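Coordinates in review
Spelled out from the first residue to the last, the chains are:
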Amino acid sequence: HKNLFAPKTKKPRVIATLQDDDPEVTWEDQQRINSYGRLDQRMMELDDSIKAAKKSVQENEDAAQDIEGLLDDDACKIKIGEVYVQVSNDDAEDFVRDKQKEAKENLESLLAKKSKLVTEMETLKVILKGKYGNKINLDSKGEDEDHLVPEEKARR
């Protein structure tokens, strides 16, 4: 048998070239990179929790306004677990006020955690960018690129 086709030769693939000016990734730097990735993941989860907490605060504010607008004194039912209980408007207002206070405290707690995470991530980013410059990609995996901005600055 005669070979009709020339055998395929595999060209060596160059995946990455190391230049002389590329700094070596040390074990400590790899730990920093891994830590940054974990913090970024936690930040995205925290952003989701903050969004839910803001929605809860808004819903409680809406409920308080709805109760104030009621004409009938005993028109309120509050949900406790799976059961709706008929209560006076005053009791419903107290219930909503308590829920609103809890929701605001939860939101403040989440924002404080976010602020702490932002500080940790920025510290790691400065260290890693200082050593590797543009050769390291520390951009967020999330769609919301300004999740690294603390809420106080984002609102301005």
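Residues numbered from 1 in each chain as written. Predicted model: local features only at pLDDT ≥ 70, side-chain atom pairs only at ≥ 80, totals over all residues. Heavy atoms only, no water.

The next point concerns the nonpolar core. With 19 residues, the main nonpolar core has I50 and L107 as its most contacted residues. Counting only elements with at least two residues in this core, the list comes to α1 (27-68) and α2 (89-132). In terms of residue count, the dominant contributor to this core is α2 (10 residues). Counting 6 residues, the second-largest nonpolar core is a separate cluster that includes C76, I78, A92 and V96. (Core = buried A, V, L, I, M, F, W, Y, C linked by side-chain atoms within 4.5 Å. Buried < 20%, exposed > 50% of the residue type's maximum accessible area, 1.4 Å probe, protein only. Helix = DSSP H or I, 4+ residues; strand = E, 2+ residues; numbered from the N terminus.)

With their axes 7 Å apart at the nearest point, α1 and α2 run at an angle of 160° to one another. Taken as axis vectors, α1 and α2 run roughly antiparallel relative to one another. Along this stretch, α1 crosses α2, giving a crossing that reads as left-handed. Along the lines of polarity and charge, the residues of the contact of α1 with α2 split into 24 nonpolar, 7 polar and 16 charged. (Axes fitted to C-alpha atoms, helices over the stretch in contact; angles between N-to-C directions. Parallel < 35°, antiparallel > 145°, perpendicular 65-115°, else oblique. Left-handed = near helix turned anticlockwise from the far one by under 90°. Nonpolar A, V, L, I, M, F, W, Y, C, P; charged D, E, K, R; others polar.)

For N89, the location among the structural elements is in helix α2. Classification of N89 by relative accessible area gives buried; the value is 8%. In this structure, N89 is in contact with I67, L70, D72, D73, D74, A75 and C76, ignoring residues within four places of it in sequence. (Contact = heavy atoms within 4.5 Å.)

This part is about the pairing of strand β2 (residues 83-87). Pairing of strand β1 (residues 76-80) with β2, which is carried by 5 bridges, proceeds in the antiparallel orientation. Residue pairing across strands places C76 opposite V87, the latter belonging to β2. The antiparallel hairpin formed by β1 and β2 contains 2 residues in its connecting segment, where G81 sits at a positive phi of about 70°. (Pairing = 2+ DSSP bridges.)

Take a nonpolar patch on the surface next. Together, I80, V83 and V85 make up a nonpolar patch on the protein surface, roughly 240 Å² of accessible area in all. With respect to the element layout, I80 can be found in strand β1. The exposure class of I80 is partly exposed, given its relative accessible area of 47%. (Patch = residues over 30% accessible without salt bridge, like charges linked within 9 Å, V, L, I, M, F, W, Y side chains within 5 Å. Areas by Shrake-Rupley, 256 points an atom, 1.4 Å probe, with all protein chains shown as cover. Salt bridge = Lys/Arg side-chain N within 4 Å of Asp/Glu carboxyl O.)

Turning next to the pattern of salt bridges. What the rule picks out here adds up to 6 salt bridges. Put simply, R32 and D29 hold a salt bridge, and the shortest N to O gap is 2.7 Å. Of this pair, R32 and D29 both sit in helix α1, separated by 3 residues, roughly a single helical turn. In this structure, R97 and E93 form a salt bridge, with 3.8 Å as the shortest nitrogen-oxygen distance. Of this pair, R97 and E93 both sit in helix α2, 4 residues apart, which is roughly one turn of the helix. Residue classification places R97 among the partly exposed residues on the basis of a relative accessible area of 46%.

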